[in-house]
Amino acid sequence: MRGPRPYMRPAESLWWAHPPYLAYTLREATGVAVAGYALVLLTGLISLASGEVAYDAWLGFLKSPWSLALHLLFFIGMIAHVWSWFQIMPKTMPRFVIGGRILPQNWITAAGLVVAMVAFIVTLVVAGWMQA
Amino acid sequence: MKRSIAPVFWLLFGVGGMLSALTGPALVLITGLAAPTGIGASPDFMSFARATAFAQHPLGKLILFSVIAFFIWHGVERIYLTLRDMHVGGRLTLMWICYGAAGALTIVTVGALAIVGF
């Protein structure tokens, strides 16, 4: 079998750990925080379905310093995700034309970040309202 | 030409990405930091009774499913693409592992929400 053999430029195996690629690697690592947080919630939901003893054990884990440190990392990851998500958004969407002029990319990023901040506050308010 | 299945995963990635960009930081703050420490939240905010009532409510179920499933599909897409770029494994192997895990966890989420009851 002699299939096509495309030329592969030799690359160092740890290319992703060095600048300028490190920035991309860190951005993609926010996905670990997002999925990791969902996994914590899923274990909580499974323990909730298993009964009160299992659920209280999960609540106990949430109170541990390990969990608090983990959630602090998740929080940093989430903030980095919000930031990069709206940096990417104008690059992935069609050009926004208003009155024959292209809307600058950083305007779209700024608008996205404002919406994210409003959503952040709304989520906190809704949670506070649920608590009452 | 064979149609690519990639757009399906990109859609899930996008939904999860937008949902987590809008609600993720606040949710981590509430469930992971405020509620367990009692700072800015009452100690019984996530008690068994309250959590059960939330998970039994249709809207609560929708929120739990959306957050868990879409966050996982978003993260998995990034993990899959990064592992592929790192040449950790073959494309198909990584696809099966990453998307397979996300699919299995989605089913587990639905199952757990059903067991919690209505």
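Residues numbered from 1 in each chain as written. Chains lettered and ligands numbered in written order. Predicted model: local features only at pLDDT ≥ 70, side-chain atom pairs only at ≥ 80, totals over all residues.

Moving on, we get to the overall build of chain A. Broken down by element type, chain A carries four helices and two strands. Reading chain A from its N terminus to its C terminus gives the helix and strand order α-α-α-β-β-α. In terms of overall size, chain A is more extended than a compact globule, its C-alpha atoms giving a radius of gyration of 21 Å where 132 residues would be expected to give roughly 14 Å. Counting contacts in chain A only where the partners sit at least 6 residues apart, residues at least 24 apart contribute 43% of the total. (Helix = DSSP H or I, 4+ residues; strand = E, 2+ residues; numbered from the N terminus. Rg over C-alpha atoms; globule rule 2.2 N^0.38 Å. Contact = placed C-beta atoms within 7 Å.)

Another point: the overall build of chain B. The number of helices and strands found in chain B is four helices and zero strands. Tracing chain B from N to C terminus, the helices and strands come up as α-α-α-α. For 118 residues, the compact-globule estimate of 2.2 N^0.38 gives 13 Å, and the C-alpha radius of gyration of chain B, at 17 Å, exceeds that figure by more than 25%. If one aligns the C-alpha atoms of chain B with their principal axes, the spans along those axes are about 55 × 30 × 20 Å. Partitioning the intrachain contacts of chain B with sequence separation of at least 6 by distance along the chain shows that 62% fall at a separation of at least 24.

All names here are of chain A. Direction vectors running N to C along helix α1 (residues 21-50) and helix α2 (residues 52-63) enclose 150°, while the axes themselves pass 6 Å from each other. The angle between the axes of α1 and α2 places the two elements in the roughly antiparallel class. In this structure, α1 meets α2 at a crossing whose hand is left-handed. In contact with T43, G44, S47, L48 and S50 of α1, α2 contributes A54, Y55, A57 and W58. Considered class by class, the residues forming the contact of α1 with α2 number five nonpolar, four polar and no charged. (Axes fitted to C-alpha atoms, helices over the stretch in contact; angles between N-to-C directions. Parallel < 35°, antiparallel > 145°, perpendicular 65-115°, else oblique. Left-handed = near helix turned anticlockwise from the far one by under 90°. Nonpolar A, V, L, I, M, F, W, Y, C, P; charged D, E, K, R; others polar.)

Two measures define how a pair of helices packs: the angle their axes make with one another and the distance between the axes. All names here are of chain B. Interhelical geometry of helix α2 (residues 48-56) versus helix α3 (residues 58-85) gives an angle of 90° and a closest axis separation of 5 Å. Looking at the two axes, α2 sits roughly perpendicular to α3. Here α2 contributes F54, A55 and Q56 to the contact with α3, which in turn contributes G60, K61 and L64. Among the residues making up the contact of α2 with α3, the classes are represented as three nonpolar, two polar and one charged.

Now for the nonpolar core. Among the nonpolar cores identified, the biggest contains 51 residues, and A:Y37, A:A38, A:L45, B:I68, B:F71 and B:I72 are the most heavily contacted of them. The contacts of A:A38, once residues within four sequence positions are left out, are B:V67, B:I68, B:F71 and B:I72. (Core = buried A, V, L, I, M, F, W, Y, C linked by C-beta atoms within 7 Å. Buried ≥ 20, exposed ≤ 12 C-beta atoms within 10 Å, placed from the backbone.)

With that settled, the discussion passes to the interface of chain B and chain A. Facing the 44 residues of chain B at the interface are 38 residues of chain A. Among the elements of the structure, α1 (6-37), α2, α3 and α4 (91-116) of chain B are those that each provide at least two residues to the side of chain B that touches chain A. In terms of residue count, α1(B) provides more of the side of chain B that touches chain A than any other element does, 15 residues in total. Partitioned by chemical class, the residues of the side of chain B that touches chain A number 31 nonpolar, eleven polar and two charged.

Turning next to α1(A). An ideal rise of 1.5 Å per residue puts 44 Å on 30 residues; α1(A) measures up with 44 Å between its terminal C-alpha atoms. Following α1(A) by one or two positions, A:G51 has its phi on the positive side, about 125°. (Expected span 1.5 Å × (residues − 1).)

Residues at a pLDDT of 70 or more form 99% of chain A, whose mean pLDDT is 92. The secondary-structure element of chain A with the lowest mean pLDDT is strand β1 (residues 97-98) of chain A, recorded at 86, while α2(A) shows the highest, at 97. (pLDDT = per-residue confidence, 0-100.)

Residue and element names in this part refer to chain B. The topology assignment puts A34 in helix α1. Between the C-alpha atoms of A34 and A69, which are 35 residues apart in sequence, the distance is 23 Å. Discounting residues that sit within four places of it in the chain, A34 has contacts with L29, I39, G40 and A41.

Glancing now at the environment of A:L113. Residue and element names in this part refer to chain A. The residue L113 is located in helix α4 (residues 105-131) in this model. Taking the C-beta count within 10 Å as the criterion, L113 has 17 such neighbours and is therefore assigned partly exposed. A sequence separation of 82 residues divides L113 from G31, and the C-alpha atoms of the two residues are 19 Å apart.

Quick look at the confidence of the model for chain B now. Considering every residue of chain B, the mean pLDDT works out to 94; 99% of them sit at 70 or more. For this predicted complex, the interface score ipTM comes out at 0.95, alongside a pTM of 0.92.

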